[in-house]
Amino acid sequence: MEAQLEQIREQQKETWNKFSPGWRKWDDFTMNWLKPMGDEIISALQLRSTDVVLDIAAGTGEPGLTIAKMVKDGHVVITDLAEGMLEVARDNAAKRGIRNYETVACDVCELPFADNTFDAVSCRMGFMFFPDMQLAAQEMRRVLKPGGRIAAAVWGRPEQNPWVTMIMGTINKNMQLPAPPPGAPGMFRCGNPGMLADILKQAGLVNISEQEVTGKLRAGSRDNYWTFMNEVAAPVVAAMSKADGSTQAKIKSEVLELVDQKYPDHQAAIDFGARIVCGQKPTA
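About the criteria used
Residues numbered from 1 in each chain as written. Predicted model: local features only at pLDDT ≥ 70, side-chain atom pairs only at ≥ 80, totals over all residues. Heavy atoms only, no water. Buried < 20%, exposed > 50% of the residue type's maximum accessible area, 1.4 Å probe, protein only. Helix = DSSP H or I, 4+ residues; strand = E, 2+ residues; numbered from the N terminus. Pairing = 2+ DSSP bridges. Polar contact = N/O pair within 3.5 Å; in protein donor to acceptor, adjacent residues only side chain to side chain. Contact = heavy atoms within 4.5 Å. Phe/Tyr/Trp six-rings, centres within 6.5 Å; stacked < 30°, edge-to-face > 60°. Axes fitted to C-alpha atoms, helices over the stretch in contact; angles between N-to-C directions.

Naming follows an unreviewed UniProt entry, where the protein chain appears as Methyltransferase type 11 of Solirubrum puertoriconensis.

Time to look at the pairing of strand β5 (residues 144-155). Within β5, 9 of the 12 residues are buried, which leaves the element mostly enclosed by the surrounding structure. Two strands pair when backbone bridges link them, and strand β4 (residues 118-124) and β5 are joined in this way by 6 bridges, in the parallel orientation. For cysteine 123, the partnering residue across the bridge sits in β5 and is alanine 152. The sheet contact formed by β5 and strand β7 (residues 269-280) spans 7 bridges and is antiparallel. The partner of alanine 152 across the bridge, within β7, is valine 277.

Our focus in this paragraph is the side chain of asparagine 92. With respect to the helices, strands and loops of the structure, asparagine 92 is situated in helix α4 (residues 83-96). In terms of polar contacts, asparagine 92 uses its side chain to reach the side chain of aspartate 27, at 3.0 Å. Side-chain polar atoms of asparagine 92 contact the backbone oxygen of threonine 60, separated by 3.0 Å. Every residue in contact with asparagine 92, bar those within four places of it in the chain, is listed here: Asp27, Thr60 and Leu65.

Attention shifts here to the packing of aromatic side chains. The tally for this structure, following the rule as stated, stands at 11 aromatic pairs. With a centroid separation of 4.8 Å and an interplanar angle of 80 degrees, the aromatic rings of tryptophan 33 and tryptophan 163 are classed as edge-to-face. With a gap of 130 residues between them, tryptophan 33 in helix α2 (residues 27-45) and tryptophan 163 in helix α6 (residues 162-174) connect regions that are remote in the sequence. Ring centres of tryptophan 155 and phenylalanine 272 lie 6.1 Å apart, and the angle between their planes is 75 degrees; on these two criteria the pair is classed as edge-to-face. In this pair, tryptophan 155 sits in strand β5 while phenylalanine 272 sits in strand β7, placing the two residues 117 residues apart along the sequence. Residue tryptophan 155 is classed as buried on the basis of its relative accessible area of 4%. Among the residues examined, phenylalanine 272 registers a relative accessible area of 3% and is labelled buried. Feature note: the residues Trp26, Phe29, Trp33, Trp155, Trp163, Phe228 and Phe272 constitute an aromatic cluster, connected by ring pairs.

Turning our attention to the sheet that holds β7. Here we have 7 strands laid out as an open sheet, ordered β3-β2-β1-β4-β5-β7-β6, and mixed in their pairing. Whereas interior strands pair on both sides, the edge strands pair on one side only; in this sheet they are β3 (101-105) and β6 (206-218). Mean inter-strand twist for the sheet, computed between neighbouring axes without regard to direction, equals 15 degrees. The sheet contacts of α4 involve β2 (75-80) and β3, and relative to β3 the element is tilted by about 170 degrees. Contacting β1 (52-56), β4 and β5, helix α5 (residues 133-143) runs over the sheet at an angle of about 145 degrees to β5.

Here it is as structure tokens:
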């Protein structure tokens, strides 16, 4: 891997480990919010009870742990770059009595598994952060058995996701943040229709399908939304840490006002949009 990509990977590992306590705190809330994407991934994979499944960038364990309960005679390998996130996944598995799984801390671009190992591969909200998305797709294909399926979820376009653009847009309006280089890892890197499908196609997958999932981040209140984003969303925390006290207060005030304008019911049920893309490894 190129030195620049390696540097990105190490920064990501450090960031996700740092934020794992926040993800633990908000895990029930976050997993309930992301469940529709996990459900669509599971549906696309067409799982059998004996399948051996790889869940990549699983964070605190989903959808891998739900899959483990479905493949009762199979096995799930749950991977993430950050050991801190996998620690939460193991605790979640113990609470739910799930045993037919293991966790492996690894990089998707260098998967430590033999060719043709897995019946299916899942990846929820990981692709857009991979330093080299094409290499990641090729690695997933390599470890997949012929005829096996890959299903991945990514965030849609910015305008579909005010849950993040409201707060980041307000931060950018109040601070001079450097623009990320074109194609850099980021939330909406795979948002355009067909982009991830094309990556999977270039990796040699066939029978590719794509669908959209929309819904709401149900924060319950604007203050709950603000707290959640400042404890879980790494870009928000990174930007806010560079602002002085008065700027932070101004940003918060403007964000809360914006939430009230867009969602006047005071429930802060904020829209999101995602894309689910599935492909199959050829049998010959």
